[in-house]
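Residues per chain, in single letters:
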Amino acid sequence: MSSAHVDHTHGTLPHEPEKATHEGRNKILGFWLFLGGESVLFGTLFATFLALRNQTNEGPTAHELFNMGMTAAATFILLTSSLTSVFAIQAMHRHKLKQLVAWLGITVVLGLGFLGLEIYEFAEYVHKEHFGMTTSAFSSSFYTLVGFHGAHVLFGILWISLLIAQLFKKGLTVVTAPKIYVSAIYWHFIDVVWVFIFTVVYLLGKVG
Amino acid sequence: MAHAHSVKHHKGLMDWLTTVDHKKIAILYLVAGGLFFGIGGIEAMLIRIQLWKPLNNFVSAQTFNELITMHGTTMIFLGVMPIIFALMNAVLPLQLGARDVAFPFLNALGFWTFFFGGLLLNLSWIMGGAPDAGWTAYTPLASKAFSPTHGVDFYTIGIQIAGLGTLIGGINFLATVITMRAPGMSFMRMPMFTWASFITSAIILFAFPAITVGLVLLSFDRLLGANFFEVAAGGNPILWQHIFWIFGHPEVYILILPAFGIISDVIPTFARKRLFGYSSMVFATILIAFLGFMVWAHHMFTIGMGPVANALFSISTMLIAVPTGIKIFNWLFTMWGGQIRFTTANLFASAFVPTFVMGGVTGVMLASAPADYQFHDTYFVVAHFHYVIVGGLVLGLFSGLFYWWPKMFGRLLNETLGKWTFWTFVIGFQLTFFIQHFLGLMGMQRRIFTYLPNQDFDTMNLVSTIGALLMAVGVIIFFVNIVITMSKPKGVANDPWEDGRTLEWTIPSPPPEYNFKQIPLVRGLDAYWKEKQAGNTEMTPSEPVGSIHMPSASILPFVMSVGLFIAGLGFMFSRDEFSNSFLAGIFNNYVVVIIGLLITFICMLLRSVFDDHGWHIEPEELEEEGVKA
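Criteria and cut-off values
- Residues numbered from 1 in each chain as written.
- Chains lettered and ligands numbered in written order.
- Predicted model: local features only at pLDDT ≥ 70, side-chain atom pairs only at ≥ 80, totals over all residues.
- Heavy atoms only, no water.
- Helix = DSSP H or I, 4+ residues; strand = E, 2+ residues; numbered from the N terminus.
- Buried < 20%, exposed > 50% of the residue type's maximum accessible area, 1.4 Å probe, protein only.
- Contact = heavy atoms within 4.5 Å.
- Areas by Shrake-Rupley, 256 points an atom, 1.4 Å probe, with all protein chains shown as cover.
- Lys, Arg positive; Asp, Glu negative; His and termini not counted.
- Charge placed at Lys NZ, Arg CZ, Asp CG, Glu CD.
- Salt bridge = Lys/Arg side-chain N within 4 Å of Asp/Glu carboxyl O.
- Polar contact = N/O pair within 3.5 Å; in protein donor to acceptor, adjacent residues only side chain to side chain.
- Nonpolar A, V, L, I, M, F, W, Y, C, P; charged D, E, K, R; others polar.
- Core = buried A, V, L, I, M, F, W, Y, C linked by side-chain atoms within 4.5 Å.
- Domains from an automatic or database assignment.
- Buried area = accessible area lost by both parts, 1.4 Å probe.
- 1 Å grid on protein atoms, 1.4 Å probe; cavity = no way out; pocket = protein on both sides within 12 Å on 5 of 7 lines; lining within 4 Å.
- Points joined across faces, edges and corners; volume = space filled by probe spheres on them.
- pLDDT = per-residue confidence, 0-100.
- UniProt positions renumbered as here; feature names shortened; annotations may be inferred.
- Phe/Tyr/Trp six-rings, centres within 6.5 Å; stacked < 30°, edge-to-face > 60°.
- Lys NZ or Arg CZ within 6 Å of the ring centre and 35° of its normal.
- Axes fitted to C-alpha atoms, helices over the stretch in contact; angles between N-to-C directions.
- Parallel < 35°, antiparallel > 145°, perpendicular 65-115°, else oblique.
- Left-handed = near helix turned anticlockwise from the far one by under 90°.

**Remarks on the overall build of chain A**
So, step 1. Broken down by element type, chain A carries six helices and zero strands.
So, step 2. In terms of principal-axis extent, the alpha carbons of chain A reach across some 65 × 30 × 25 Å.
So, step 3. By the burial criterion, 55% of the 208 residues in chain A qualify as buried.
So, step 4. Considering only contacts in chain A between residues 6 or more positions apart, those separated by 24 or more positions represent 80%.
So, step 5. Only carbon and sulfur atoms are counted for the fraction: they give 69% of the accessible area of chain A, which is about 8800 Å².
So, step 6. Computing the positive centroid from 12 side-chain charges and the negative centroid from 12, chain A places the two 13 Å apart.

Structure (structure tokens):
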């Protein structure tokens with residue numbers, strides 16, 4: 001078996017440290033497979049939403065509800081965070097630990113900003129618009145789809161924060177690199193899901 | 001490389017709770033799956049006893065509904081699927097020439113989540129009533145209004161947790177096949193069981209997330225007051241049917257493809273012939289998996305989808321008969337002209353072929369939408385799916401268990417008792433289910449708890465019940481066989497059937513912890529058979545003897561699953577009224593859910609923070625164990 005746990009010091013670390021070990025490559029492959037399953041998960045949630053999005057049960061409709069300004073801001077923040085996570089991986093490939101940590105930190109902060117806006121949005125719907133989980137089939141499918149995505153963002157924030165802490169303690173090694181790499185794939189994935197949510201839920205809700 | 005890491009080796013119960021060895025996890029799956037299979041079997045017996053005569057009052061209508069629901073759910077999710085996973089775990093890495101699966105830790109996690117999900121579901125019997133809306137849990141029958149007990153909540157949460165385990169297992173086997181094959185083991189040299197397991201894992205990956213969502217929606221409806229399936233608030237019960245069957249139909253291929261794989265390995269071994277049409281077999285497996293995702297709505301012909309949708313799903317369903325037919329002929333041509341030995345394993349494999357064909361033929365009949373209006377929800381359907389699941393999968397599993405038992409446990413099962421099991425089980429099976437086709441055609445509906453006399457149902461139901469009892473006798477003989485076999489000492493050869501063709505027969509039975517002292521070099525399809533024909537007694541190694549890296553045992557998978565179990569129970573009872581104010585406090589404020597999830601997430605944190613360096617088996621230790629150099 002490969003020598004998974006040899007401590008590479010700076011200089012001996014390969015260009016793509018995430019793919020240096022068999023375990024690392026397995027982890028990346030397994031994670032891509034997992035994202036295949038996640039695609040079906042969100043696909044089913046989207047299908048549910050599309051089937052029920054006009055069933056408003058005399059409650060608020062999408063057109064009345066959505067505030068495009070805030071959603072656009074949230075979209076901009078999340079898309080930018082995907083870019084910063086790309087910068088983090090580029091820093092990792094250059095073996096620049098400080099830059100890597102900094103870009104991951106910015107990614108987390110942007111993720112928190114997105115999540116804050118989403119929580120504010122949900123709270124406003126519930127308290128001002130009386131649009132809760134139980135209001136209509138539309139509301140149930142809206143909160144479940146967008147909420148599932150929000151929970152994924154929250155998990156990503158906690159996960160990347162934990163990895164930043166590990167980078168401080170363990171440094172960049174062939175063990176930590178695959179973790180950083182799969183967390184970045186994950187972050188891109190939830191970003192892509194959001195692009196679909198912005199289109200299917202918000203844009204379509206405003207015009208359709 | 002050779003860091004001296006201190007390794008804790010656990011003994012006894014702790015060894016089983018912490019193991020990440022795929023061979024031990026296989027045994028765990030087999031024991032747990034066997035236990036749930038027994039529970040599901042007892043439920044089946046109670047159903048048949050209730051139906052043996054008209055107007056019987058052996059069980060109440062409510063209990064009957066719970067029995068049929070739990071029989072189906074238990075058998076599929078907790079009985080046969082874990083036994084499939086047991087065989088996959090026991091055999092797949094060996095057939096690939098691998099020392100372990102890609103993710104040993106996840107492998108253990110998959111088992112324990114399945115186990116605690118199954119435990120949660122079965123706790124329903126003693127915690128206020130089992131689920132009673134059928135294994136399909138159709139809404140509105142499964143809604144709070146028509147199923148007010150916690151039964152369906154046990155179903156949604158229990159299957160959710162167990163399904164997570166299945167998904168984890170699927171990803172693990174996919175990655176294992178892609179990355180862990182021995183040198184020379186190209187995809188088109190993989191044994192058919194490995195191929196079937198690979199394709200099955202792909203179906204699991206793309207089918208299980210759909211039911212995950214379905215179960216989330218149903219539990220949100222029931223526990224949070226959401227409106228997905230509540231017509232009055234704009235919901236749509238048909239949506240449940242679509243989501244359920246988008247998962248549910250691929251699920252039947254998740255069940256049957258491994259059985260195809262098992263008998264594709266058993267038949268060539270005992271015919272002493274190479275599998276006929278290997279590449280067409282692989283192609284047919286992939287095609288069945290692909291088409292399996294295109295046919296879900298044939299379960300819904302009678303809900304009014306319209307003629308166009310019905311016609312399309314009718315045709316796509318019938319298409320599946322083509323690759324399946326290819327397989328049937330390949331098995332027949334493999335046997336043709338072979339030097340066939342009818343061991344118990346081969347008897348089960350041979351009986352599989354005609355029985356499964358009968359299930360397939362009724363499947364094509366059901367695929368015809370106009371005729372389905374007549375068959376729908378009758379015993380004809382019950383007969384059909386028992387022919388494919390029992391006559392197909394369960395016969396395949398028996399075949400696989402008899403075939404690989406010596407590899408798993410180092411002892412051959414008793415052949416005489418095995419043949420008793422075979423004849424009682426197969427005759428009992430035909431007696432039980434053949435006649436149900438006619439019961440269905442004569443109009444007996446499925447899921448009714450009793451029927452009136454003088455509709456010509458009486459004798460046929462009696463015959464069916466007698467058959468079911470005979471099947472139970474077969475299973476009991478199998479159990480006796482296991483007990484007798486396990487009381488004998490180990491000591492079978494590497495290749496106890498003497499005609500083994502694949503890599504698992506090149507290593508000791510049971511295999512050592514590291515499987516292969518030296519990873520073999522694979523030089524063709526049926527790698528071991530090829531070496532035998534070249535006059536070799538063992539495989540050519542692809543590496544020198546060296547230090548073997550092993551993953552460390554861990555209790556975390558077990559604890560993580562306990563956390564999910566606690567969170568599931570907490571979520572289920574979160575809206576209940578408790579007379580005890582402490583209980584009310586912790587359940588109604590989601591304290592139990594939070595504690596359970598915290599346990600799981602803290603375990604994940606620990607797993608991430610503390611690197612598993614594993615441990616090494618050094619070449620000197622390999623020598624001490626008396627393995628040939």
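**Some details on the interface of chain A and chain B**
So, step 1. In this complex, chain A contributes 38 residues to the contact, which on the side of chain B involves 41 residues.
So, step 2. In this structure, the connection of chain A to chain B is made through two salt bridges.
So, step 3. For Asp611(B), the salt bridge is made with Lys170(A), and the minimal N-O distance between the two is 3.2 Å.
So, step 4. At the boundary of chain A with chain B, the tally comes to nine residue pairs in polar contact (both at pLDDT 80 or more).
So, step 5. Of all the secondary structure elements, the ones that give two or more residues to the side of chain A that touches chain B are helix H1 (22–52) and helix H5 (137–170) of chain A.
So, step 6. Along the lines of polarity and charge, the residues of the side of chain A that touches chain B split into 15 nonpolar, 19 polar and four charged.

**Things to note about the nonpolar core**
So, step 1. By size, the foremost hydrophobic cluster in this structure holds 239 residues, and its most contacted members are Phe142(A), Tyr202(A) and Trp331(B).
So, step 2. Shared between two domains, this core takes at least three residues from each, and those domains are domain 1 (12–554 + 612–624) and domain 2 (556–611) of chain B.
So, step 3. Contact partners of Trp331(B), with chain neighbours within four places excluded, come to Phe260(B), Ile263(B), Ser264(B), Ile267(B), Leu275(B), Met281(B), Phe352(B) and Val353(B).
So, step 4. Judged by nonpolar contacts, the second largest core, of 14 residues, contains Leu67(B), Ile68(B), Val382(B) and Tyr451(B).

**Details of the domain arrangement of chain B**
Residues and elements named next belong to chain B.
So, step 1. Once the domains are mapped, chain B shows domain 1 (12–554 + 612–624) and domain 2 (556–611).
So, step 2. Taking the mean C-alpha position of each, domain 1 and domain 2 sit 31 Å from one another.
So, step 3. Listed as interface residues are 24 residues of domain 1 and, on the opposing side, 19 residues of domain 2.
So, step 4. A buried area of about 2100 Å², summed over both sides, lies between domain 1 and domain 2, and 78% of it is on carbon and sulfur atoms.
So, step 5. Sorting the residues of domain 1 by area buried against domain 2 places Phe105, Phe116 and Leu223 first, and these three jointly supply 27% of that buried surface.
So, step 6. Across the domain 1-domain 2 interface, the total number found is six residue pairs in polar contact (both at pLDDT 80 or more).
So, step 7. Counting residues per element, the ones that place at least two in the side of domain 1 that touches domain 2 are helix H4 (104–123), helix H5 (151–179) and helix H6 (192–223).
So, step 8. With nine residues, the top contributor of residues to the side of domain 1 that touches domain 2 is H4.

**Structural notes on empty space enclosed by the protein**
Residues and elements named next belong to chain B.
So, step 1. The tally for this structure, following the rule as stated, stands at three cavities of 30 Å³ or more.
So, step 2. The volume enclosed by the largest cavity comes to roughly 130 Å³.
So, step 3. Along the wall of the largest cavity there are 15 residues; nearest its centre are Ser264, Asp265, Pro268, Leu275 and Asp526.
So, step 4. The element best represented in the lining of the largest cavity is helix H7 (residues 237–271), accounting for four residues.
So, step 5. For the lining of the largest cavity, a count of residues per class yields eight nonpolar, three polar and four charged.
So, step 6. Within this model, the second largest cavity holds a volume of roughly 80 Å³.
So, step 7. Residue lining of the second largest cavity: Tyr29, Phe77, Met81, Pro82, Phe85, Phe114, Ile159, Ala162, Gly163, Gly165 and Thr166, and that is the complete set.
So, step 8. Elements that contribute at least two residues to the lining of the second largest cavity include exactly helix H3 (61–96) and H5.

**A word on the confidence of the model for chain A**
So, step 1. On average, chain A scores 93 in pLDDT, and the residues at 70 or more come to 95%.
So, step 2. In this model residues 1–10 of chain A is a low-confidence stretch, pLDDT under 50, and it forms 23 contacts with partners more than four residues away in sequence or in other chains.

**Observations concerning the side chain of Thr176(A)**
Residues and elements named next belong to chain A.
So, step 1. Locating Thr176 in the fold gives a position in helix H6 (residues 176–207).
So, step 2. A polar atom in the side chain of Thr176 sits 2.8 Å from the backbone nitrogen of Thr173.
So, step 3. Not counting residues up to four positions away in its chain, the partners in contact with Thr176 are Gln166, Leu167, Lys170 and Gly171.

**Some words on helix H18 (residues 581–588) of chain B**
So, step 1. Where H18(B) begins, one side-chain oxygen reaches toward the backbone nitrogen of Phe582(B), 2.8 Å away; that side chain belongs to Asn580(B).
So, step 2. Trailing H18(B) by a residue or two, Tyr590(B) shows a phi angle of about 60 degrees, which is positive.

**A closer look at the UniProt feature "domain: Heme-copper oxidase subunit III family profile" (unreviewed entry) in chain A**
So, step 1. Here the UniProt-annotated "domain: Heme-copper oxidase subunit III family profile" (unreviewed entry) positions come out as residues 29–206 of chain A.
So, step 2. With 85% helix and 0% strand, the stretch residues 29–206 of chain A has end C-alpha atoms that lie 39 Å from each other.

**Considering the pattern of salt bridges**
Two side chains bearing opposite charge may form a pair once their charged atoms approach each other closely.
So, step 1. Per the counting criterion, the structure on display carries 15 salt bridges over all chains.
So, step 2. Taking the shortest distance from any N to any O, the salt bridge between Asp21(B) and Lys23(B) comes out at 3.1 Å.
So, step 3. By relative accessible area, Asp21(B) is classed as buried at 12%.
So, step 4. In the salt-bridge network here, residues are joined through shared partners; they are Lys170(A), Lys179(A) and Asp611(B).

**Topic: the packing of aromatic side chains**
So, step 1. For the structure shown, the criterion picks out 85 aromatic pairs over all chains.
So, step 2. Consider the rings of Phe229(B) and Trp240(B), whose centres lie 5.8 Å apart with planes at 80 degrees: the pair is edge-to-face. Taken as a pair, Phe229(B) in the loop between H6 and H7 and Trp240(B) in helix H7 lie far apart in primary sequence, eleven residues in all.
So, step 3. With a relative accessible area of 3%, Phe229(B) lands in the buried category.
So, step 4. Among the residues examined, Trp240(B) registers a relative accessible area of 0% and is labelled buried.
So, step 5. Put simply, the rings of Phe49(A), Phe66(A), Phe114(A), Phe122(A), Tyr125(A), Phe131(A), Phe138(A), Phe142(A), Tyr143(A), Trp194(A) and Tyr202(A) touch in pairs and so form one group of aromatic residues.
So, step 6. The ring of Phe187(B) has Arg181(B) lying over it, and the distance from NZ or CZ to the ring centre is 4.0 Å.

**Here we look at the packing of H7(B) against helix H13 (residues 379–409) of chain B**
Residue and element names in this part refer to chain B.
So, step 1. Two numbers describe how H7 lies on H13: the axes approach to 8 Å, and their chain directions differ by 45 degrees. Relative to H13, the element H7 is oriented oblique. Like other packed secondary-structure pairs, H7 and H13 cross with a definite hand, here left-handed. Note on element contacts: H13 touches H7 through Val388, Ile389, Gly392, Leu393, Gly396, Leu397, Ser399, Gly400, Tyr403 and Trp404, opposite Leu255, Ile256, Ala259, Ile262, Ile263, Asp265, Val266, Thr269 and Phe270.

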